Amino acid sequence: MRSSGAAATVAALKVVLLAGAAACAGVSHSLDPSQPVPKSIAVLPFAGSADQLARDCARSLFETRLAARGYAVAESAWVDRRLSELGDLRDPSDYMSDAERIGEVRRALDVDAVLVGSAIDESSFQWVVLRRHSFGGELALRGDASRPWWRASHRAGGFGGLVLRSGQIFTELRAQSAHGTPMATLALIDEFVEDVVDTLPPAPADERIGDAPFVRDVRLQRADPDADRTRVTVSATASPRASLRFDLGPGHIGVPMVEDPGRPGAFVGACDFAAGDVGATVTVRARDAFGRVATAEGAR
Amino acid sequence: MIAFNRRLALLLAIVPLGCSGVDVRREVAPEFAMLREAGLRIAVMPFATTAPQSGFLGDALESLGGVLALSANSASPPRERVAGLLRADVVGWLQQTGLEVVEPWHIDTQLAHAKVSPEAARSTESAAGIAQALGVDAVLYGDVTRWNRSYYVVQSFAEVGLHLTLVDAGGRRLFETERAESLGAGIGGGPTGYVSAVTAPLAGLSGEHLRELTRSITRNAVADLNGGELGVVPGPLTPKLTVVGLAATHDGPFRIGERVEVIAVGSPGCEVRFDIGRLRTEVPMVQTSVMADPRGDRATYVGHYVLQPGDTAVDLPLGCTIRRGAARRSLSTWYRWERRLSLDAR
C-alpha cells in the first residue's frame, strides 16, 4: 500500500513537471513592424553562462538557419576579425556586447542589423526518476532604432530522450572542432535555434547585397633582414574591409594580410623564408563578409 | 574396436563443440545509431583485464611476444600487456568505422599529465570529465573479462572475453557489448592432432591461433559497435596536439615587423595553423621534425606571423588547430595556449 502511494506521488509529480515543461515550450517573441526588415545580418558572439563551445555552436546554427530563411548573413570569422580590430572582441569565451555601442558596431560591420544573444545558458536537474535538461537564452535583432526589430526568449528542454531534428548540428561541430559537448546538449541547441528562427519572417525576396569583392595590384617585395632568412612582403589593393590572404608556396598557404588603417583598401602581409627559398609567384585571395571570393596573382 | 573408437571420437568431439564458439550480449541506446551516423568522436581508454586468475593464459603471452612487443610494453605485467594488445586491436578496427577515434598516445599523455589514476581512467564514472578534457563526444571503456584456458575432457580451449562500454560526455551509456570467443585445441578440430591433444592440451594453440582469436573478438566487438560490417579501408585517427605555445619568450607587446613565433607538437603529417585571438586566424605552420615513438610518432610544427601596421590588440588568446584530411572527411581539433599576448603595431 505504501509503495503504491509513493508511486502515485511520483506519477503526480511527473504530471506536474511535464505540464510545467509544456508551458515553457513556446517561444516568447515580438516584432516591431514599424522598422524595415533587415536584409543583411551579423551574428555577434553569444554571451551567457553556457559553455563556449555550446554558445559557438548555437551562434553557428543561427547563421546557417538565418541564411536558409533568405537573409544575407556575414560570416562569423569576418565578424570576429572586425570586432577584434575595433577592440570589441579579445577573448570570445568572455565576450559581452556593449549595448551603447551596438549602433557603432552595426555600422562598422556594414549590415542592416546585428543579432545579439545574451543569457545563453544550459541547465539540468535530476529529481528522483526525472531528469530535466534545457538550453535557452534571449535574442534580439537590432538596427539603429532604440528598440530591437525582433526579439525572442526561449528555452528548449526535454526529459531524457535525445532527438536531433537535423544532421546540421554535427556538420557545424566538425567545422568548429567543438567536440566534448554532450550530445544531449547539442540536440537541445538544435531545437532551441530552430524554434527561435521559426518566429522570424522570411527575408525580403530578391534583395542583393553590395558589389562582389575585387583584388588587384599584387606585388612582392623582398628584403634580407639577416644572412639566414629572407622576408617577403606582399601588398595588394582590394575591397575595403575584406579578409585577404596570400599563398607563396608550401608552408605559406593562407597567410593573413592586414588593411592599412590610414589607407582603406590597401593591404599588406609578410612572411620569412630560409635564405634563397622564396617562391616566385604569389596568389592573393580576398573574401568579403558574405563569403564571396576574388583572386589575383603577382610575381617578383 | 574401430567402430567403438569412432563412436568415442564422435562423442568427445560433440562435448567441446557445445562449449566452444561465441557468446554475445549487447545493449544499445536508441539514439546511438543516429549519433554514430553523424560521426561521433571517441577516446578509447586504457583497457582493464579482470579475467580470472585461475587458468590465466600468462604463458600464452610468450607465443605472442613479437606482437606484444609492438603493441604493448613487454616489460609490463601480463595483464597490462593483454589489455594493451586488445586496446590496440580495437583502435585498429575502429578506424574502419564511421566513428572518429582519437590517437591513443594522446589519451595516455593527457591522462598522465592530469595525474588520472589507472582505476579512475578505467571507471565509466569518469566519462564526463574525460570527454571534456580530451574534447571527445564519448569515451570507450574496455575490460578483458576472459583470457583463460579451459579443459573439456581431452579438449582444451583458450577463451578470450571482452566487455566494451561507450559512455557519452553527459554520462549516458550509449552502447555496451560483452563478447566471449574461444578456440579449441584437440579433437574438436583444433590445430593439434588426436594424440597430442591428450598429452599437451594447450600446446597446439600457437601464438598465431591466439592472435587470430584476439583479432576476431575485437573485430566482432567493434562490428557490434558499428552496427554492422566494417569498412574495407582504415580511416585516419583524429589528430591531436600535446604542446602549443610561443617558440620563445617575449617581453611586452609585439611591435611592427616582429614575429609571433608559435610551436606545436602533435600528430605527424597534418595541417596545423594558429590563431591570435580572432584577429589573425589560420596562420600556416610547417612540420619541421618527427620523433619516432612506439606509442605513436610525434611531429613538431612551427609557424610565424609578422606584425603589420594596424595589428593592435591587448590580451588575445593563442590557439592552434590541427587538421588531417581524409577521403571521407576532415578531422580537426583546436587547442588553446594558457597565456595571452598583446600586439602594438601602431
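Residues numbered from 1 in each chain as written. Chains lettered and ligands numbered in written order. Predicted model: local features only at pLDDT ≥ 70, side-chain atom pairs only at ≥ 80, totals over all residues. Heavy atoms only, no water.

> Any chance you could explain the nonpolar core here in plain terms?
For soluble globular proteins, the rule of thumb is that nonpolar side chains tend to be buried together. A:Leu115, B:Leu40, B:Leu86, B:Leu94, B:Trp147 and B:Leu166 are the most contacted members of the largest nonpolar core, which has 73 residues in total. Leaving out residues up to four positions away in the same chain, B:Leu86 has contacts with B:Phe47, B:Val144, B:Trp147, B:Val160, B:Leu162, B:Thr214, B:Ile217 and B:Thr218. (Core = buried A, V, L, I, M, F, W, Y, C linked by side-chain atoms within 4.5 Å. Buried < 20%, exposed > 50% of the residue type's maximum accessible area, 1.4 Å probe, protein only. Contact = heavy atoms within 4.5 Å.)

> Would you explain the packing of aromatic side chains in this entry?
Each aromatic ring pair is summarised here by two numbers: the centre-to-centre distance and the angle between the ring planes. Inspection of the entire model under this criterion finds four aromatic pairs over all chains. Aromatic pair A:Phe62 and A:Phe192: ring centres 6.1 Å apart, planes at 85°, arrangement edge-to-face. In this pair, A:Phe62 is assigned in helix H2 (residues 52-68) and A:Phe192 in helix H6 (residues 183-197), connecting sequence segments 130 residues apart. A ring pair is formed by B:Phe32 and B:Phe175, whose centres lie 5.8 Å apart and whose planes are at 35°; its orientation type is tilted. Note that B:Phe32 is positioned in helix H2 (residues 32-38) and B:Phe175 in strand E7 (residues 173-185), a separation of 143 residues in sequence. Neither residue differs from the other here; B:Phe32 and B:Phe175 are each classed as buried. Here B:Arg79 stacks its cationic end above the ring of B:Phe56, 4.4 Å away from the centre of that ring. Positioned over the ring face of B:Trp93 is B:Arg219, at 5.2 Å from the centre of the ring. (Phe/Tyr/Trp six-rings, centres within 6.5 Å; stacked < 30°, edge-to-face > 60°. Helix = DSSP H or I, 4+ residues; strand = E, 2+ residues; numbered from the N terminus. Lys NZ or Arg CZ within 6 Å of the ring centre and 35° of its normal.)

> Honestly, unusual backbone geometry in this entry has me stumped. Any pointers?
Residues apart from glycine generally show negative phi values, whereas peptide bonds are mostly found in trans. Residue and element names in this part refer to chain A. The phi angle at Asp 110 is positive, at roughly 60°, despite the residue not being glycine. Here Asp 110 is to be found in the loop between helix H4 (102-109) and strand E4 (113-127). The class for Asp 110 is partly exposed, based on a relative accessible area of 49%. With phi around 50°, Ala 119 is a residue other than glycine that occupies positive phi space. On the secondary structure map, Ala 119 appears in strand E4. The exposure class of Ala 119 is partly exposed, given its relative accessible area of 45%.

> Mind showing me how you'd approach the sheet that holds strand E8 (residues 229-238) of chain A here?
Sheet strands associate in pairs through backbone hydrogen bonding, adopting either a parallel or an antiparallel arrangement. Residues and elements named next belong to chain A. An order of E7-E8-E12-E11 is seen for the four strands of this open sheet, with the pairing classed as antiparallel. The two strands at the open ends of the sheet, each matched to only one other strand, are strand E7 (215-226) and strand E11 (258-259). Sheet analysis places E11 next to strand E12 (residues 266-274), joined by two bridges and oriented antiparallel. For Glu 259, the partnering residue across the bridge sits in E12 and is Phe 267. (Pairing = 2+ DSSP bridges.)

By themselves these figures say nothing about function.
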